[in-house]
Amino acid sequence: MNKYSQKQILDAFRGATRSEVKKVTFPLDFDDVDFDRREFYGWRDRKMPRRAYIVVEHDDELVALILNRAEAKPSRRAMCAWCRDVDLSEEAVLYTVRRGGSNGRRGDTLGTLVCSGFSCSKHARKLPPAFHKGTDLKAIREEQVAGLRQRVHSFVAEVLSTED
Ligand SMILES: [Zn+2]
């Protein structure tokens, strides 16, 4: 991803009200975030514990979405639907996003299980703990990263598909 300013990100929110965007709090380490090695950028709002955000370059456009962490916890440790990290090294939680357009205004949401701290890009670059000699590790990593990118984009596309 390219590096973006907070202003650019605030301007990229879709399906959010003006007052919701006004309340967005960026993480304290925002200036140090390495966008180069990320398929998307996500963070939790430190002032609103159940609120989080993701930013992604989608169809050559910057798109930011508000996520709400569901109250109910998954009954057992679940795998993140985006990075599919088999080690479950980060808790995956259910986040919901308001759908685009009038569907969203009527309360229609889409949910997905995602790493609670959004370190999916890091997990996708991990190599398998055991592999045969001659395994193309670079190809494995590229495949994992491409899979993550594809799943994030199809989720965002679905959220935006009801925009009017
Ligand atoms: Zn993940």
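For the structure, check the block above.
Residue numbers here run from 1 along each chain, matching the order of that chain's written sequence. Only residues with pLDDT of at least 70 get local features here, since the model is predicted, and only at 80 or more are side-chain atom pairs given and counted; chain-wide, interface and lining totals rely on the full set of residues. As a convention, hydrogens and water are excluded, and side-chain values are obtained from all of the structure's heavy atoms.

1. Describing the side chain of Arg 69
Phase 1: Labels follow the DSSP assignment, with helices taken as runs of H or I lasting at least four residues and strands as runs of E lasting at least two, numbered in each case from the N terminus. Note that Arg 69 resides in strand E3 (residues 61-69).
Phase 2: Residues are treated as being in contact if the distance between any of their heavy atoms lies within 4.5 Å. Not counting chain neighbours up to four residues away, the residues in contact with Arg 69 comprise Arg 44, Arg 50, Glu 91, Val 93, Leu 94, Tyr 95 and Ser 116.

2. Structural notes on the side chain of Glu 20
Phase 1: Among the secondary structure elements, Glu 20 is positioned in helix H2 (residues 18-22).
Phase 2: At 2.8 Å, the side chain of Glu 20 forms a polar contact with the backbone nitrogen of Thr 17.
Phase 3: Polar side-chain contacts of Glu 20 include one of 2.5 Å to the side chain of Arg 98.
Phase 4: Once you skip the residues sitting within four places of it in the chain, Glu 20 turns out to touch Gly 15, Arg 51, Ile 66 and Arg 98. Two N or O atoms form a polar contact when they lie within 3.5 Å of each other; inside protein one atom must be a possible hydrogen donor and the other a possible acceptor, and for residues adjacent in sequence the pair counts only when both atoms belong to side chains.

3. Points about the coordination of the zinc ion
Phase 1: The protein atoms that coordinate the zinc ion are Cys 80 (SG), Cys 83 (SG), Cys 115 (SG) and Cys 120 (SG), at distances of 2.3 Å.
Phase 2: Coordinating donors are taken to be N, O and S atoms lying within 2.8 Å of the metal, or within 3.2 Å when the metal is Na, K or Ca; because water is excluded from the atom set, some sites may appear incomplete. Each label reflects the angles at the metal, where four donors whose angles all fall between 85 and 135 degrees are tetrahedral, four or six donors whose opposite pairs open beyond 155 degrees and whose other angles stay between 65 and 115 are square planar or octahedral respectively, and the rest are irregular. Here the zinc ion binds four donor atoms, and the angle range of 104 to 119° at the metal identifies the geometry as tetrahedral.
Phase 3: All donors of the zinc ion belong to a single chain; written as a sequence motif, their spacing is C-x2-C-x31-C-x4-C. Of this pair, Cys 83 sits in the loop between E3 and strand E4 (92-98) while Cys 120 sits in helix H4 (residues 120-124), placing them 37 residues apart in sequence. For the pair Cys 83 and Cys 120, one class covers both residues: buried. Accessibility here uses a 1.4 Å probe with only protein chains present; expressed as a share of the type maximum, an area under 20% marks a residue as buried, one over 50% as exposed, and anything in between as partly exposed.

4. Things to note about the packing of aromatic side chains
Phase 1: Working definition: rings of Phe, Tyr and Trp (its six-membered ring) pair if their centres are within 6.5 Å, and the pair is stacked with planes under 30 degrees apart, edge-to-face with planes over 60 apart, and tilted otherwise. One pass over the full model with this rule turns up 12 aromatic pairs.
Phase 2: Plain terms: the ring middles of Phe 13 and Tyr 53 are 5.7 Å apart, the flat faces sit at 80° to each other, and that makes the pair edge-to-face. Placement of the pair is Phe 13 in the loop between helix H1 (6-11) and H2 and Tyr 53 in strand E2 (residues 51-58), with a sequence separation of 40 residues.
Phase 3: Each ring, one from Phe 26 and one from Trp 43, has its centre 5.0 Å from the other, and the planes form 20°; the classification is stacked. One end of the pair, Phe 26, is in the loop between H2 and strand E1 (41-44); the other, Trp 43, is in strand E1, and 17 residues separate them in sequence. Accessibility assignment for this pair places Phe 26 and Trp 43 in one class, buried.
Phase 4: Cluster of aromatic residues (ring-pair linked, three or more members): Phe 13, Phe 26, Phe 30, Phe 35, Tyr 41, Trp 43 and Tyr 53.
Phase 5: We note Lys 3 situated over the ring of Phe 30; from NZ or CZ to the ring centre the distance is 5.1 Å. Two conditions define a charge sitting above a ring: the NZ of Lys or the CZ of Arg must be within 6 Å of the ring centre, and it must be within 35 degrees of the ring normal.

5. Topic: the nonpolar core
Phase 1: Note on terminology: a nonpolar core comprises buried Ala, Val, Leu, Ile, Met, Phe, Trp, Tyr and Cys residues joined through side-chain atoms within 4.5 Å. Ranked by internal contacts, the top residues of the largest apolar core, which has 27 residues, are Phe 40, Leu 65, Trp 82 and Cys 120.
Phase 2: Going through the elements one at a time, E2, E3, E4, strand E5 (109-115), H4 and helix H5 (137-160) are the ones with two or more residues in this core.
Phase 3: It is H5 that contributes the most residues to this core, seven residues altogether.
Phase 4: In contact with Leu 65, not counting residues within four places along its chain, are Phe 13, Arg 14, Ala 52, Tyr 53, Ile 54, Val 97, Val 156, Val 159 and Leu 160.
Phase 5: With 18 residues, the next largest nonpolar core counts Ala 12, Tyr 41, Trp 43 and Ile 66 among its residues.

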